[in-house]
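Here are the chains, one letter per residue:
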Amino acid sequence: MRIRVPGDKSITQRALLLGGLADGRSRIRRPLTGADPRSTAGAVAGLGVEISDFGPDTSELIIAGRGQDGLRAPTGVLDLGNSGTGSRLLLGVLAGQRFDATLTGDASLRSRPMRRVTDPLGAMGARFRWEGEEGRLPLTVLGGALKSVDLDLAVASAQVKSALLLAGVASRVPVLLTEPGPSRDHTERMLESVGARVITHVRGPGRRVEFRDPPERLSPLDLTVPGDPSSAAFFLLAALLGVCPEIEVEGVGLNPTRTGVVDLFRRMGGRIEAEVTSEEGGEVTGTLGATRSTLRGIDVVHDDVVRAIDELPAVAVAAARAQGVTRITGAGELRVKETDRIRAMVVNLRAVGVSVEELDDGMEIEGTDRPLRGRVDAFHDHRIAMVFGVLGAQPGNEIEVVGRDAVDVSFPTFWGQLEEVRTG
Ligand code: S3P
């Protein structure tokens, strides 16, 4: 069966922010219309940028960019909803403005750490005021001038890296950094596509990123957003588990910093094909295919984690249906996602009858082929809802997912598409 998945969340969010800073009208085709990018769009509009109607059926967005110096002071608090990426990247954009702006989010976002972004932005001269608990939203970014930096980042996080690069773009100051692992590089690629020069090279297990010559102006974007490989992963998993005999996901992004899950599924014995079909805006797009497979347990270690960070719940579910034990370590970052994903996976897998041991930085899962039955909680996390949706669709299993609506942030059509795939 051939399917498409919604547009990439990371790329859509970056397009909204860079589109707002560009000089002129950007055109973004096939954006993700989920709640996260719509929250980001609301915040960008709150800074005076005109954005065309952005509803669930929008197939093209027009953003009337105001240029790097054109953003306006918001009249109210900017609410980023559930969007960790939107809020953290926006902190970078706001850090060097001539005005103050206050950001908040939903209960999940207000519990997530922000110091990982404010500390390095602070090294550029940015100033902040915590409006509630220190280190969490709500937070006011105080306007002021920024200076250039050369930083060693403590975490391999594309959100942190991108916040710094966007601060450099908005304030026209050089940003040099070294990241400890190869986090997704969509910001670097998109910046290149609008006329900025970002030089990157491998350094040890991570990368050196050099943005030395911030451009005076950014050209508008004209791009088609590829399908989100993180969303595709749920359907690859569905085929591997035999929810359907085989699947092909077309028009999906194949940026190598995002395809770690394909490598992990293959290591488990999963039959997966990848074919590149086009390239646009520096991003490669293609088809991912998967066929029902017999899976075996593997060791997932720290070096595997960055390129598959959002797909580890899917790997954990594959592990629950594999022969033998899968040990995931070096994945402590999962504890600070939309929910604590280590805890959520452990609690939910146990609730349906899988043996799992919780580790500080991961989990150990014993595969089983017994029917899995029970009730699980999405913990307000889209990816937790979706992986258990897929596991529940495997023939013989009966799983009730409480909080199914969580999928709206990244994949509003998920449940309907899963049903189509299940019934062929
Ligand atoms: C994202 C980066 C990752 C990822 C998130 C999206 C991005 O977070 O988990 O879903 O678009 O930059 P970290 O940068 O915190 O690892």
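Student: Looking at this structure, how should I read the site of the ligand?
Tutor: The full set of residues close to the ligand is Ser 10, Arg 14, Thr 85, Arg 116, Ser 157, Ala 158, Gln 159, Arg 184, Ile 309, Asp 310, Lys 337 and Arg 383. A distance of 2.7 Å separates an oxygen atom of the ligand from a polar side-chain atom of Arg 14. At 2.7 Å, a side-chain N or O of Lys 337 approaches an oxygen atom of the ligand. Across the complex, the protein chains shield 95% of the 390 Å² of accessible surface that the ligand would expose by itself.

Student: Can you walk me through the environment of Leu 109 in this structure?
Tutor: Along the polypeptide, Leu 109 turns up in helix H4 (residues 107-110). Each C-alpha atom of the pair Leu 109 and Gly 81 lies 7.1 Å from the other, and the pair is 28 residues apart in sequence. Those residues in contact with Leu 109, other than ones at most four positions away along the chain, are Leu 80, Gly 81, Asn 82, Ser 83, Gly 84, Ser 87, Thr 104, Met 114 and Leu 137.

Student: It is not clear to me how the pairing of strand S12 (residues 206-211) should be interpreted in this structure. Could you clarify?
Tutor: Two faces make up the sheet, and in a regular strand the side chains alternate between them. Counted residue by residue, S12 has 6 buried out of 6 residues, so it is predominantly covered. Taken together, the 5 bridges between strand S10 (residues 175-179) and S12 define a ladder with antiparallel strand orientation. Note that in S12 the partner of Glu 179 across the bridge is Arg 207. Here 5 bridges tie strand S11 (residues 199-203) to S12, and the two strands are oriented antiparallel to one another. Pairing of Ile 199 across the sheet is with Glu 210, part of S12. Count of turn residues in the S11/S12 antiparallel hairpin: 2 residues, of which Gly 204 carries a positive phi of about 55 degrees.

Student: Help me understand the environment of Arg 189 in this model?
Tutor: Counting through the fold element by element, Arg 189 comes out in helix H7 (residues 186-193). Arg 189 sits 101 residues away from Arg 88 along the chain, and the two C-alpha atoms are 19 Å apart. Among the polar contacts made by the side chain of Arg 189, one reaches the main-chain carbonyl oxygen of Gly 282 at a distance of 2.7 Å.

Student: Any chance you could explain the side chain of His 382 here in plain terms?
Tutor: With respect to the helices and strands, the residue His 382 is situated in helix H13 (residues 382-393). Note on His 382: relative accessible area 1%, which makes it buried. A polar contact of 2.9 Å, which involves the side chain of His 382, links it to the side chain of Glu 338. Looking at His 382, its side chain comes within polar contact range of the side chain of Ser 410, at 2.7 Å. Apart from residues no more than four positions distant in its own chain, His 382 is found in contact with Lys 9, Glu 338, Arg 341, Ala 406, Val 407, Val 409 and Ser 410.

Student: Is there a simple way to think about the sheet that holds strand S20 (residues 362-366) in this case?
Tutor: Strand pairing within a sheet occurs via backbone hydrogen bonds; the two strands may be parallel or antiparallel. Ordered by their spatial adjacency, 4 strands build an open sheet running S17-S18-S20-S19, and the pairing between neighbours is mixed. At either end of the open sheet lies a strand with only one pairing partner, and these are strand S17 (299-300) and strand S19 (355-359). Against the sheet, helix H11 (residues 312-320) touches S17, strand S18 (325-328) and S20, its axis set at about 25 degrees to S20. Across the face of the sheet, helix H12 (residues 341-351) comes into contact with S19 and S20 while running at roughly 160 degrees to S19.

Student: Where do I start with the environment of Gly 42 in this structure?
Tutor: Counting through the fold element by element, Gly 42 comes out in helix H2 (residues 35-45). Assessed through its relative accessible area of 42%, Gly 42 is described here as partly exposed. Sequence separation between Gly 42 and Arg 4 is 38 residues; the distance between their C-alpha atoms is 26 Å.

Student: Hey, could you run me through the sheet that holds strand S8 (residues 139-142) in this one?
Tutor: The sheet built from 4 strands is open, its strands ordered S5-S6-S8-S7 with mixed pairing. Edge positions in the sheet fall to strand S5 (78-79) and strand S7 (127-130), since each has one partner strand and no second. Across the sheet, helix H3 (residues 84-94) touches S5, strand S6 (101-104), S7 and S8, and the angle it forms with S6 is around 175 degrees. In the packing of helix H5 (residues 115-123) onto the sheet, the strands contacted are S7 and S8, and the crossing angle to S7 comes to about 145 degrees.

Student: Explain unusual backbone geometry to me, please; I cannot follow it from the model alone.
Tutor: Glycine aside, a negative phi is what most residues show, and trans is what most peptide bonds show. Put simply, Leu 137 and Pro 138 share a cis peptide bond, and its omega is 0 degrees. With respect to the helices, strands and loops of the structure, Pro 138 is situated in the loop between S7 and S8. A positive phi angle is found at Arg 172, which is not glycine, with a value near 55 degrees. Its place among the elements puts Arg 172 in the loop between helix H6 (158-171) and S10. Judged by its relative accessible area of 25%, Arg 172 is partly exposed. The backbone phi angle of His 380 is positive, close to 55 degrees, even though this residue is not glycine. Structurally, the position occupied by His 380 is in the loop between strand S21 (373-377) and H13. Take His 380: its relative accessible area is 68%, and that puts it in the exposed class.

Student: Help me out: how do you make sense of the nonpolar core in this one?
Tutor: Note that soluble globular proteins tend to have their nonpolar side chains buried in a common cluster. One finds Phe 265, Ile 365 and Phe 414 to be the most contacted residues of the largest nonpolar core, which totals 75 residues. Not counting residues up to four positions away in its chain, the partners in contact with Phe 265 are Ala 233, Leu 236, Leu 237, Leu 240, Gly 270, Ile 272, Ala 314, Val 315 and Ala 318. Ranked by size, the runner-up nonpolar core spans 66 residues in total, among them Leu 78, Ala 95, Leu 153 and Val 194.

Student: Would you explain the side chain of Thr 368 in this entry?
Tutor: With respect to the helices and strands, Thr 368 occurs in the loop between S20 and S21. By relative accessible area, Thr 368 is classed as buried at 12%. Only 3.0 Å separates the side chain of Thr 368 from the backbone nitrogen of Arg 370, close enough to count as a polar contact.

Rules behind the numbers
The residue count restarts for each chain, going from 1 along the sequence in the order it is written. A pLDDT threshold of at least 70 governs which residues receive local features in this predicted model, and a stricter bar of 80 or more applies before side-chain atom pairs are shown or counted, although totals over entire chains, interfaces and linings include all residues. Excluding hydrogens and water, the side-chain values take into account all heavy atoms of the structure. Consider each residue's heavy atoms; a residue with any of them within 4 Å of a molecule or strand counts as near. In protein, a polar contact means a hydrogen-donor-capable atom and an acceptor-capable atom, both N or O and within 3.5 Å, with residues adjacent in sequence counting only if both atoms are side-chain atoms; elsewhere, any N or O pair within 3.5 Å suffices. Computed by Shrake-Rupley with a 1.4 Å probe, the accessible areas treat only the displayed protein chains as cover when residues are assessed. Helix numbering and strand numbering both begin at the N terminus, where a helix is a DSSP run of H or I of at least 4 residues and a strand a DSSP run of E of at least 2. In this analysis, two residues are considered to be in contact whenever any of their non-hydrogen atoms come within 4.5 Å of each other. Exposure classes here rest on a 1.4 Å probe applied to the protein chains alone. A residue is buried below 20% of its type maximum, exposed above 50%, and partly exposed in between. Each pair of strands is called paired provided DSSP finds at least two bridges between the two strands. Between the N-to-C directions of two axes lies an angle of 0 to 180 degrees, each axis being a line fitted to C-alpha atoms and, for a helix, fitted only over the stretch in contact. Think of a nonpolar core as a cluster: buried Ala, Val, Leu, Ile, Met, Phe, Trp, Tyr and Cys residues, connected wherever their side-chain atoms sit within 4.5 Å.

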